[in-house]
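Structural overview
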Amino acid sequence: MTTKAKLPTVGTLPDQILTMTALCGELPNRELSRFHAAPSYIERTVKRLRHDNLLQTHYRDGLRGLRLTQTARKLLLDQRPDRFSAILGSSHEHSQLKSEPDRRRRTHRMAEVLMTMHHAGVRAFPWEKPALFQPTPMDHEPSIWPPLYYSSHEIKDVGLLSTKICGSRMMGILLSPEQQFLIYNIGEGEIRWGQNIEMRLKAFCLVELQQRRLPSQFGVPISAIVFASSMQQMEWLMQGGREARSYFVLEQNFDHFYFLTNDCHGEIILQVLYDPDRKADLDDILMEDLTTDGACWGVDCDAFDADGVPVLFGYTCDMPHIKRFDNGLSLHDLKGTLICFDFQEEVMRAVCGPNVTLQLIDFDAYESQVFHQE
């Protein structure tokens, strides 16, 4: 006979899994491996949560995910209302989970992004950040350091204004003092961009977000990040045909359009992107034996080596920047060097022409020396 269910202690692995499931609505099973624990312990924890009638598996149309049971929802609402009343209330979208495959795939992609943000040190949980997207702007402009992430569900809280961006592929918005990032996630598949819709989203950020809610941020660049399951998908985004409308990435709609993976690689590079000090430290290391004193008309680059060869810091996978660098070298029949992490080598060789030579950074060494020491 099953004992009476109770909530796990806050901060433990069972609590983390339960919390992430509550926030996502449905947590894809493949995301369980990303929790910081041994696989055997994760497996035992999930079994225990199911045994205690707190989690249930939902499998349909080839999609497998974890959902809260009614028992878990009631316990979270009764015992932790400050965290979960706004999420699990009767009017919230999570209380009306859908079974359609397309909706569930989007829910899974949103869960992947939320996991990446959380592991990258971004404040992504509702109780960690100010309620920025309310119908009426806050009286005092909030601090956005550490960086804040708001999902598309939270952005809808602005009310009728959200109808202007209905249909966007956006997963959410990442805010930092230096930049604002529109977040996309293609998961394991592809994406068909609707340029007009995504440009309305950019305009929404400029007017509604920067001018009304964060006026001190007006003029901060708006960039984009697209997440995916593997590095190989970056090749499709940069070289796909117009029938897939994938050229949206390269049409200079955003000065910076980064490609990151939903794994430890993407988590580390995301921290470099939103933290200017971390990026400056890495760039300073790469600048050894390089100089910015040089001239190479028509080639978009970051530095030059001792022989005047253009060098691009491509480790953030800024796709338009990489394409401009490669095109400039080809147009002027010049040689250049692109610096990237070792795990990015294969896709960089696929998207760049023969005029580009790769110089590799050992990702494991960088992570251990910088992030593990911290």
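The rules behind these values
Residues numbered from 1 in each chain as written. Predicted model: local features only at pLDDT ≥ 70, side-chain atom pairs only at ≥ 80, totals over all residues. Heavy atoms only, no water. Helix = DSSP H or I, 4+ residues; strand = E, 2+ residues; numbered from the N terminus. Buried < 20%, exposed > 50% of the residue type's maximum accessible area, 1.4 Å probe, protein only. Arc of directions from axis to C-beta. Contact = heavy atoms within 4.5 Å. Expected span 1.5 Å × (residues − 1). Bend = angle between axes of the 7 residues up to and from the residue. Pairing = 2+ DSSP bridges. Core = buried A, V, L, I, M, F, W, Y, C linked by side-chain atoms within 4.5 Å. Salt bridge = Lys/Arg side-chain N within 4 Å of Asp/Glu carboxyl O. Phe/Tyr/Trp six-rings, centres within 6.5 Å; stacked < 30°, edge-to-face > 60°. Lys NZ or Arg CZ within 6 Å of the ring centre and 35° of its normal. Axes fitted to C-alpha atoms, helices over the stretch in contact; angles between N-to-C directions.

1. Digging into unusual backbone geometry
- Cis geometry is adopted by the peptide bond preceding Pro 146, which originates at Trp 145 and carries an omega value of 0 degrees.
- In this fold, Pro 146 is placed in the loop between helix H5 (101-119) and strand S4 (148-151).
- For Gln 252, which is not glycine, the phi torsion reads 65 degrees and is therefore positive.
- On the secondary structure map, Gln 252 appears in the loop between helix H8 (233-239) and strand S8 (257-261).
- Under the relative-accessibility criterion, Gln 252 is labelled partly exposed at 47%.
- With a phi close to 70 degrees, Asp 289 is a non-glycine residue in the positive phi region.
- Structurally, Asp 289 is set in the loop between helix H10 (276-286) and strand S9 (303-304).

2. Focus on helix H4 (residues 81-88)
- Every buried residue of H4 is listed here: Phe 84, Ile 87 and Leu 88. All buried residues of H4 lie within an arc of 75 degrees about the axis, which places them on one face of the element. In H4, the exposed residues that point more than 90 degrees away from the buried face are Asp 82 and Ala 86.
- Elements that come into contact with the buried residues of H4 comprise helix H1 (13-24), strand S3 (63-68) and helix H3 (70-79).

3. With respect to helix H7 (residues 195-213)
- The terminal C-alpha atoms of H7 lie 25 Å apart, and with 19 residues this matches the ideal 27 Å at 1.5 Å per residue to within 8%.
- The largest bend along H7 measures about 25 degrees and falls at Phe 204.
- Considered for burial, the residues of H7 that qualify are Glu 198, Leu 201, Phe 204, Cys 205, Glu 208, Leu 209, Gln 210 and Arg 213.
- Buried-residue contacts for H7 involve helix H6 (152-155), strand S5 (172-175), strand S6 (180-185) and strand S7 (222-228).

4. Some points on the pairing of S4
- Where burial is concerned, the two faces of S4 agree: the one with Leu 148 and Tyr 150 and the one with Tyr 149 and Ser 151 are both buried.
- Relative to S5, S4 is paired through four bridges, and the arrangement is antiparallel. By the bridge assignment for S5, Tyr 150 is matched with Ile 173.

5. Concerning the nonpolar core
- Phe 35, Met 117, Tyr 149, Ile 183, Ile 225 and Leu 270 are the most contacted members of the largest nonpolar core, which has 62 residues in total.
- Excluding anything up to four places from it in sequence, Ile 183 contacts Val 113, Met 117, Tyr 149, Met 170, Met 171, Gly 172, Ile 173, Leu 174, Ile 225 and Phe 227.

6. Remarks on the pattern of salt bridges
- By the definition in use, this model includes 18 salt bridges.
- Here Arg 34 makes a salt bridge to Glu 31, at a shortest N to O gap of 2.9 Å.
- We classify Arg 34 as buried; its relative accessible area is 11%.
- Residue Glu 31 is classed as buried on the basis of its relative accessible area, which comes to 4%.
- Between Lys 47 and Glu 43 there is a salt bridge, with the nearest N and O atoms lying 3.6 Å from each other. You can see Lys 47 and its partner Glu 43 sitting in helix H2 (residues 39-51), four residues apart, about one turn around the helix.
- Glu 43 sits in the partly exposed class, given a relative accessible area of 46%.
- Linked through salt bridges whose partners overlap, the residues forming this network are Glu 26, Arg 67 and Arg 104.

7. Some remarks on the packing of aromatic side chains
- In the structure shown here, the tally under the stated rule is 18 aromatic pairs.
- Note on Phe 248 and Phe 254: the rings are 6.3 Å apart at their centroids and 80 degrees apart in plane angle, and the pair reads as edge-to-face. Each member of the pair, Phe 248 as well as Phe 254, carries the same accessibility label: buried.
- Aromatic rings pair up to connect Tyr 315, Phe 341, Phe 343, Phe 363, Tyr 366 and Phe 371 into one cluster.
- For the cation-ring pair, Arg 64 lies above Tyr 59, with the distance from its terminal atom to the ring centre recorded as 4.2 Å.

8. Considering the sheet that holds strand S1 (residues 27-28)
- Strand order in the open sheet formed by three strands is S1-S3-S2, with antiparallel pairing between adjacent strands. With partners counted over all chains shown, the strands left at the sheet margins are S1 and strand S2 (55-60), one partner each.
- Here S1 runs beside S3; their pairing, made up of two bridges, is antiparallel. Residue Leu 27 lies in a different strand from S3, and its bridge partner there is Leu 66.
- Across the sheet, H1 lies against S1, S2 and S3, angled at about 105 degrees from S3, the strand it touches most.

Geometry only, nothing functional implied.
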